Amino acid sequence: MTEQAATDGLAKQLRAARRWAGITQEQLAGLSTVSVRAIRDLEQGRVRHPRRETLRLLADAMRLGDARRAALELAVEGAPADTVMREAFGAELAPPPQPLRRLVGRTEELRALTGLLATEHERLLTVVGLPGVGKTRLAQEAALLLHTRDRIPVLWADMSQTASAPAAGDTRSPRAALTGWARSLATGGPGLDELASVIRGRAALLVLDGHDAVSGLVPHLVELLHSCERLKVLITAREPHRTPGNRLLPLAPLPLPAPEPPADAPTPLPGESLTAGEPALELMLSYVGHMRPDLLPTDSVVRTVARICHALDGVPRAMESAASWLLLHSLEELLRTARTSPLDIVDDATLSDASGEGLAALLTAAVDRLDDAQTTLLGDLGALADGWTADQAAAVLAVPATTVAREVHALMLRGLVRRLPAAEDSAGRFGVLNLVRRLAADRAGAAAHRDEELVH
């Protein structure tokens, strides 16, 4: 790196640090005892050999943390971006995104995920499930727990974004550079060597959130894991994938409340929560309360909301979007729509994903990705009353039991079929999600019609 390039790098670092601190050059001068003219010359790249004492005064005045201070000092020496971050890499430089809401009803899933991440030999995990089921939120909570408890650096890459990685010499934002290098895993871009150089033998967690095009990632991901022996990778995806050493964690919708309380159920005591132990109902009531504060949680309201939860399968994003329609509809109207045409109320203009697609389009795509045999079976299973076993479904549909078991297993990994609560010693009972029941029936009908046309 030339002397001028090093000077320019320092200027960029200093400007970025001051803007991060939210102060002007004049304010920085007053806080640091360094003159405004000296600060201006440094930020414009006019000072070839700044004194380290000057940089220390400026860093103290801006209250820079260890990562930004190290990057600023290394920029004086003209160090490239990967060297800057290798020296500064740590928990402070690489935190996970802070969740904006508390996690509801995922205690067991969080325990399982963090337990696997804490083991020495599990290094690649994928949380897979239906769009909107809460994969990102669970990954955030697990990453935050490891970061705060064990001071593990977390590199979080939103793989739905298509922005390219920064150039290797771009040190204006170390965190952005790390994220860009992580995204280059999908394309085998030039950031992989830099990323491996930064992590090396240090413990770290890399989260690839929303990575559904995994096929091109596999060789680069395996290479990175081999290069960084203490790195763990967590992927969230809508489809299961086969990668050497990958551990799949299917994420089902939230547990649903009993459709109706038993007739002999005891009356709740004063102040006792009607939603205790019922995560889907608790979450939906919070959405309803935010959207319609006038709807007090009376027994009647709670029962209607519980029915809406069932109609929307306990999928958090579907419930949140549906609650927004209470601005137009009553609870009873919302329930009728949820039961008959749930996809009409699962889209809210403020809740589309990064690609701009609403949940209805994402659910449609999930069904469209099935082959014709899977779609036909899903449509047939959706016509059965919930609570069937694989053997019962095979008998009713006249399909070999091994075929039903194999396909139901595949459909469960995609989140289209869920396991229903049952006694521990009883056979597993299942049901097709209401959100995709009509989609599957329509597509199965279209496939059958197409086959008939081919015959004739």
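Scroll up to find the structure.
Residues numbered from 1 in each chain as written. Predicted model: local features only at pLDDT ≥ 70, side-chain atom pairs only at ≥ 80, totals over all residues. Heavy atoms only, no water.

**Q** Describe in detail the side chain of Ser32, supporting the description with residues and values.
**A** You can see Ser32 is positioned in helix α2 (residues 25–32). At a separation of 2.7 Å, a polar atom in the side chain of Ser32 contacts the main-chain carbonyl oxygen of Leu28. Polar contacts involving the side chain of Ser32 include one to the main-chain amide nitrogen of Val34, which spans 3.2 Å. Among residues more than four places away in sequence, those in contact with Ser32 are Ile39, Leu57, Leu58 and Ala61. (Helix = DSSP H or I, 4+ residues; strand = E, 2+ residues; numbered from the N terminus. Polar contact = N/O pair within 3.5 Å; in protein donor to acceptor, adjacent residues only side chain to side chain. Contact = heavy atoms within 4.5 Å.)

**Q** With reference to specific residues and values, describe the layout of surface pockets.
**A** Estimates place the volume of the second largest pocket at around 710 Å³. Lining the second largest pocket are 29 residues; nearest its centre among them are Leu256, Arg418, Arg419, Leu420 and Pro421. A per-element tally of the lining of the second largest pocket places strand β6 (residues 417–420) first, with four residues. The residue makeup of the lining of the second largest pocket, split by class, is 16 nonpolar, six polar and seven charged. (1 Å grid on protein atoms, 1.4 Å probe; cavity = no way out; pocket = protein on both sides within 12 Å on 5 of 7 lines; lining within 4 Å. Points joined across faces, edges and corners; volume = space filled by probe spheres on them. Nonpolar A, V, L, I, M, F, W, Y, C, P; charged D, E, K, R; others polar.)

**Q** Quick one: what's the story with the environment of Arg443, residue by residue and with numbers?
**A** Secondary-structure assignment places Arg443 in helix α20 (residues 434–455). Arg443 sits 64 residues away from Gly379 along the chain, and the two C-alpha atoms are 8.0 Å apart. In contact with Arg443, not counting residues within four places along its chain, are Val367, Asp368, Arg369, Leu370, Asp371, Asp372 and Thr375. Reaching out from Arg443, the side chain makes a polar contact with the side chain of Thr375 at a distance of 3.1 Å.

**Q** Describe the packing of helix α7 (residues 107–118) against helix α8 (residues 135–150), naming the residues involved and giving the relevant values.
**A** Direction vectors running N to C along α7 and α8 enclose 50°, while the axes themselves pass 10 Å from each other. Classed by the angle they form, the pair α7 and α8 counts as oblique. Here α7 runs over α8; the crossing is right-handed. Between α7, through Glu109, Leu110, Leu113, Thr114, Leu117 and Ala118, and α8, the contact on the second element is made entirely by Leu138, Glu141, Ala142, Leu145, Leu146 and Arg149. Across the contact of α7 with α8, the residue classes tally to eight nonpolar, one polar and three charged. (Axes fitted to C-alpha atoms, helices over the stretch in contact; angles between N-to-C directions. Parallel < 35°, antiparallel > 145°, perpendicular 65-115°, else oblique. Left-handed = near helix turned anticlockwise from the far one by under 90°.)

On their own, these measurements won't tell you what the molecule is for.
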